[in-house]
Amino acid sequence: MNRAKALSTVLLAGALVVLACDRDKEAAQSQSSSSAATATTQPSIEPITFPPDRGPLPKIDGDRAMQYVKDIVKFGPRPLGSPNHKKVEDYIDTRLKGDPVEDDTFTAKTPVGDFPVHNIVAKYPGTKDGIIIIASHYDTNYPLRNTSYVGANDGASTSGILLELANQLRGKTLDGYSVWLVWDDAEEAMVPDTEMDFMADSLYGITHLAEKWQADGTLKKVKAFILADMIGDSDLDVDRDQNSTPWLEDVVGEAAKRLGYQSHFFARTNKVSDDHLPFMNRGVPSADLIDFTYGYNNVFWHTPQDTVDKLSVTSLQISGDVILETVRILDKMDPLPPK
Ligand SMILES: [Zn+2]
């Protein structure tokens, strides 16, 4: 993939087709017209039966999630190997004190040298055999390290949501699958857009975890991998991703509907290269929850304008609630659709 940021807009018979080839995420196609929008919702081929909608709907504390996001952003840029990066690692670890945490540390060989990488995994046990993973990266883009870029939406927003999810999950045996929260590291590329293929220079942390868990047999127990990325944006429009598992995306859509948040989900379809691919490629059902239209034509993405004022408590709330409701539906789907 050409890593140069090329965003072209073509008008075709009343349908706006946006072709984007980006370093970090490959937004292959986004269509918006009344007819195209209907066509791009793309339900999975086999319609799935959802368990009845019973029990209280989940509700995270959106204000508390926002406070976490602000705290993380306040450390400043947090590229790999920086003192700020270490401060954010410590910040996350401190919030998880007392929880069962697996630290996955290793040295990544990157085009610009060797760097320490630190994935943080908090594990909340459930009564059912199997694991649901919810992941977010927390590092910021390395080539932007000498700018004021703090990745408020890209990295911080979802790291804050995961910290709030931890508050909702700890202190009890979950009535369903175990949930593992993963703050993965070194997601961002190390060299600028034009110099290297994104997939050859990114996803260092999550790839290490997928390989490790494949080797030790953990991966077989993972029922679903849910990735959260760039979904704190106040103008929230989560994409349906063609690189994700269709039935799992359907479950996310159902969760959104039950909460009355469906207008924020799946009006667009994209094809996104993101942290879910190492799990997806190893046969784990995966869903990337990403809103890859951050400002008009994604103008705030990977710029110093990715700041907290572009986010909202409501969006953090919506994203967190939908993730928890997705887990709740998965817990009650027996059996889960085939991989
Ligand atoms: Zn990024």
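First, a word on what this report is: a plain description of the structure on this page. None of these values were measured; they are calculated from a predicted model.

Conventions we followed
Residues numbered from 1 in each chain as written. Predicted model: local features only at pLDDT ≥ 70, side-chain atom pairs only at ≥ 80, totals over all residues. Heavy atoms only, no water. 1 Å grid on protein atoms, 1.4 Å probe; cavity = no way out; pocket = protein on both sides within 12 Å on 5 of 7 lines; lining within 4 Å. Points joined across faces, edges and corners; volume = space filled by probe spheres on them. Helix = DSSP H or I, 4+ residues; strand = E, 2+ residues; numbered from the N terminus. Nonpolar A, V, L, I, M, F, W, Y, C, P; charged D, E, K, R; others polar. Pairing = 2+ DSSP bridges. Axes fitted to C-alpha atoms, helices over the stretch in contact; angles between N-to-C directions. Contact = heavy atoms within 4.5 Å. Core = buried A, V, L, I, M, F, W, Y, C linked by side-chain atoms within 4.5 Å. Buried < 20%, exposed > 50% of the residue type's maximum accessible area, 1.4 Å probe, protein only. Phe/Tyr/Trp six-rings, centres within 6.5 Å; stacked < 30°, edge-to-face > 60°. Lys NZ or Arg CZ within 6 Å of the ring centre and 35° of its normal. Polar contact = N/O pair within 3.5 Å; in protein donor to acceptor, adjacent residues only side chain to side chain.

1. Here's the deal with the layout of surface pockets
By volume, the largest pocket is sized at about 400 Å³. Looking at the largest pocket, it is lined by 17 residues, and the ones nearest its centre are Leu169, Leu174, Leu324, Arg328 and Asp331. Only α4 (152-169), β7 (174-184) and α8 (313-332) provide two or more residues apiece to the lining of the largest pocket. When residues in the lining of the largest pocket are grouped by element, the largest group, five residues, is from α8. Counted by class, the lining of the largest pocket contains nine nonpolar, one polar and seven charged residues.

2. Description of the sheet that holds strand β11 (residues 286-290)
Spatially, six strands are ordered β4-β5-β7-β6-β8-β11 in an open sheet, and the strand pairing comes out mixed. Only two strands of the sheet have a single partner each, and these edge strands are β4 (101-110) and β11. Each neighbouring strand pair of the sheet contributes to a mean axis angle of 20 degrees, computed without reference to strand direction. Helix-sheet contacts for helix α5 (residues 204-215) involve β4, β5 (113-124), β6 (126-137), β7 and β8 (222-229), and the interaxial angle to β4 is about 115 degrees. Lying over the sheet, α8 contacts β6, β7, β8 and β11, oriented at roughly 155 degrees with respect to β6.

3. Observations concerning the nonpolar core
The biggest cluster of nonpolar side chains holds 67 residues, and the ones touching the most others in it are Leu181, Trp183 and Leu330. Those residues in contact with Leu181 that sit more than four places away from it in its chain are Ile120, Val121, Ala122, Tyr124, Ile134, Leu162, Leu165, Ala166 and Leu169. Core analysis: the next-biggest nonpolar cluster, separate from the first, contains 19 residues, Trp180, Val182, Leu209 and Ala210 among them.

4. Side note on the packing of aromatic side chains
Per the counting criterion, the structure on display carries eight aromatic pairs. Centroid distance Phe225 to Phe279: 4.3 Å. Interplanar angle 20 degrees. Geometry classified as stacked. Of this pair, Phe225 sits in strand β8 while Phe279 sits in helix α7 (residues 277-280), and the two are 54 residues apart along the sequence. Accessibility assignment for this pair places Phe225 and Phe279 in one class, buried. Aromatic rings pair up to connect Trp180, Trp213, Phe225 and Phe279 into one cluster. Just above the ring of Trp180 sits the side chain of Lys123; from NZ or CZ to the centre is 4.1 Å. Positioned above the aromatic ring of Phe266 is the side chain of Arg240, whose terminal nitrogen or guanidinium carbon lies 5.5 Å from the ring centre.

5. Here's the deal with the environment of Asn119
Relative to the elements of secondary structure, Asn119 occurs in strand β5. Linking Asn119 and His137, residues 18 residues apart in sequence, is a C-alpha distance of 8.8 Å. Filtering out sequence-adjacent residues up to four positions away, Asn119 remains in contact with Glu102, Asp103, Asp104, Phe106, Trp183, Asp184, Asp185, Gly205, Ile206 and Leu209. Looking at Asn119, its side chain comes within polar contact range of the side chain of Asp104, at 2.8 Å. At a separation of 3.0 Å, a polar atom in the side chain of Asn119 contacts the main-chain carbonyl oxygen of Gly205.

6. As for the pairing of β4
Only one face of β4 is covered, namely the one carrying Glu102, Asp104, Phe106, Ala108 and Thr110; the face carrying Val101, Asp103, Thr105, Thr107 and Lys109 has none of its residues buried. Bridge count for β4 against β5 is ten bridges, and the pairing is antiparallel. Bridging from a neighbouring strand, Phe106 pairs with Val117 of β5. Taking the residues between adjacent antiparallel strands as the criterion, β4 and β5 are bridged by two residues.

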